Amino acid sequence: MNIILNGCSPGTKNLGVNALLYATVAGVREREPDAKITVMGIGRQPKTLSLVPDGSQSADVLRLDASRRFFAPYATSNLTLVQKTGLPLTRAARAVAAADAMLDVSAGDSFTDLYGAYRFDSICYLKELAVRRGLPLVMLPQTYGPFAAEESKRRAAAIVSRAAIVWSRDERSAKVADELFEIGGGDASRHHMGVDVAFALPKLAASGADADSFSAFRDEHELVAGLNVSGLVYNQSEKSKRDFGLSTDYRPAVAGVLERLLADGRVGVALVPHVVAARGATESDSDACDAAKAALPAGLRERVHVLPELDDPRIIKWYIAQCDWFCGTRMHATIAGLSTGVPTASLSYSMKTLGVFGTCGLADEVFEMQSLPTDEAIERTVGSWERRAEIGRTLAENFPNVLAKTKQQMDSIVETCRAVKL
């Protein structure tokens, strides 16, 4: 079996995207150990991705950038030119020609035009290439839309309607996907309701000085609360408030939650970066975590531990699993909590989070900042901490079903690839 995996580049520095990548490669390898997997990556990439030291769960990585530099072998324009003219094949063209199927996840939530025309073009490019060539396109569980422009919606509908199989990861996305099938005239029986692939991501124990430091911090405190602070929302808080239509002032909300948690002398707080962009970049969660800690009174800062920057989502998942409660703004950070049985909440800026929590019976633990004044966002988040035992029981009841769905959908996805190969 020869598979292209698109939409989860190893080079994004977003651990949520990496979680989709690692979980998908591991899921395929578990069912088809000898499958050839080629990951389409953005920017400079290693040639091989190894998930375990012995290389038994690995994939080839191929750079493919949305670029008009048609002379560059890594440019999408070069691939288009090669496909149209029959010129000597580049590595990317050979990979597409040899593939049995393309698995596509759109970074989980990027199949939308809200990030601009260039981003939407790059998200659509390989999907459209696959359907033009008759290469079976498997849409992994993801978010569909929203689409601001009708032309974008029609373009998305043409892709979805021609895919071999389409998976949505929550009810909101499923409704959008159904609408796309109606617009595109496709066979809606190929559309299935699933859950986020990252629920199946294994955790990997940390080691070394950073792990020892965290273990010492954990031992010093009777209770540890974990909090993911999103650089996207925190670092340019006023701009983010406008862009996302937030009623909550995020920086004061984070400060308020931290101060309320730390008012209990038994509590330590672990701040968890989940996008490890370059320092100074808008997306940097590490900058946001450091700033949130620095804004606290001196007497409280000593009970706050900022986790290290890591590019392996399995290790961050291990850290999160050590917490007594976790609250994240990055959705995939919260999936790490939910999938390890940690009572989890979200101070959310995106509609995608509510659907994920709904699959675990915890929709009430999503605090959507579009509709909450700052004081109420703080109160609800602190209230979740106080309800952590109840949340944990609800999660324990519901998560086995989520995990079963995760396994069943991967069985079905790999079976689809087997069927098209035959």
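Residues numbered from 1 in each chain as written. Predicted model: local features only at pLDDT ≥ 70, side-chain atom pairs only at ≥ 80, totals over all residues. Heavy atoms only, no water.

Undergrad: Looking at this structure, I do not really get the pattern of salt bridges. What am I missing?
TA: One side chain can pair with another of opposite charge once the charged atoms of both are near each other. The tally for this structure, following the rule as stated, stands at 27 salt bridges. A salt bridge links aspartate 264 to arginine 266; the shortest N-O distance between them is 2.8 Å. Residue aspartate 264 is classed as partly exposed on the basis of its relative accessible area of 24%. Across the pair glutamate 376 and arginine 380 runs a salt bridge whose closest N-O atoms are separated by 2.7 Å. With glutamate 376 and arginine 380 both in helix H16 (residues 374–386) and 4 residues apart, this pair spans about one turn of that helix. Residue classification places arginine 380 among the partly exposed positions, given a relative accessible area of 39%. Through salt bridges with shared partners, one network takes in Arg279, Asp287, Asp290 and Glu309. (Salt bridge = Lys/Arg side-chain N within 4 Å of Asp/Glu carboxyl O. Buried < 20%, exposed > 50% of the residue type's maximum accessible area, 1.4 Å probe, protein only. Helix = DSSP H or I, 4+ residues; strand = E, 2+ residues; numbered from the N terminus.)

Undergrad: How do you make sense of the pairing of strand S7 (residues 165–168) when you look at a structure like this?
TA: Across a regular strand the side chains alternate sides, sitting on one face of the sheet and then on the other. Residues Ile165 and Trp167 of S7 are buried on one face, and the alternating residues Val166 and Ser168, pointing to the opposite face, are buried as well. Where strand S6 (residues 137–142) meets S7, 3 bridges bridge the pair, whose relative direction is parallel. Considered in S7, the bridge of valine 138 is made with isoleucine 165. Handedness of the S6-helix H5 (residues 150–162)-S7 crossover: right-handed. Note that S7 and strand S8 (residues 191–193) share 3 bridges and pair parallel. Looking at S8, one finds that serine 168 is bridged to methionine 193. In this region the chain leaves S7, passes through helix H6 (residues 171–184) and returns to the parallel neighbour S8; the handedness of that crossover is right-handed. (Pairing = 2+ DSSP bridges. Right-handed = clockwise from strand over helix to strand, strands pointing away.)

Undergrad: Which parts of the structure should I look at to understand the sheet that holds strand S9 (residues 223–227)?
TA: Whenever strands of a sheet pair, they do so through backbone hydrogen bonds, lying parallel or antiparallel. Here we have 6 strands laid out as an open sheet, ordered S11-S10-S9-S12-S13-S14, and parallel in their pairing. The open sheet has two edge strands with one neighbour each: strand S11 (304–306) and strand S14 (366–368). The mean inter-strand angle of the sheet, taken between neighbouring strand axes irrespective of direction, is 20°. Strand direction decides the pairing type here: S9 and strand S12 (residues 325–328), joined by 3 bridges, are parallel. Across the sheet, the residue bridging to leucine 227 is cysteine 327, located in S12. Seen against the sheet, helix H10 (residues 250–262) touches S9, strand S10 (267–271), S11, S12 and strand S13 (344–348) and runs at an angle of roughly 145° to S10. (Axes fitted to C-alpha atoms, helices over the stretch in contact; angles between N-to-C directions. Contact = heavy atoms within 4.5 Å.)

Undergrad: Any chance you could explain the state of the cysteines here in plain terms?
TA: Between two cysteines, a covalent bond joining their sulfur atoms is known as a disulfide. Counting across every chain of the model gives 0 disulfides. Note on cysteine 323: no disulfide assigned, nearest cysteine sulfur contributed by cysteine 327 at a separation of 11 Å. Its relative accessible area of 7% is what places cysteine 323 among the buried residues. For the unlinked cysteine cysteine 360, the closest cysteine sulfur is that of cysteine 327, found at 15 Å. (Disulfide = S-S within 2.5 Å.)

Undergrad: Help me understand the environment of glutamate 222, please; the structure alone is not making it clear to me.
TA: Mapped onto the elements, glutamate 222 comes out in the loop between helix H7 (209–220) and S9. Look at glutamate 222 and you get exposed, because its relative accessible area is 55%. Sequence spacing of glutamate 222 and leucine 296 is 74 residues, and the spatial spacing of their C-alpha atoms is 21 Å. Not counting residues within four places of it along the chain, the set of residues in contact with glutamate 222 comprises Arg266 and Asp324.

Undergrad: Would you take a moment to explain the side chain of serine 284 for this structure?
TA: Residue placement: serine 284 occurs in the loop between S10 and helix H11 (285–294). Its relative accessible area of 0% is what places serine 284 among the buried residues. Not counting the four nearest positions on each side in its chain, serine 284 is found in contact with Gly231, Asn235, Val275, Ala277, Ala278 and Arg279.

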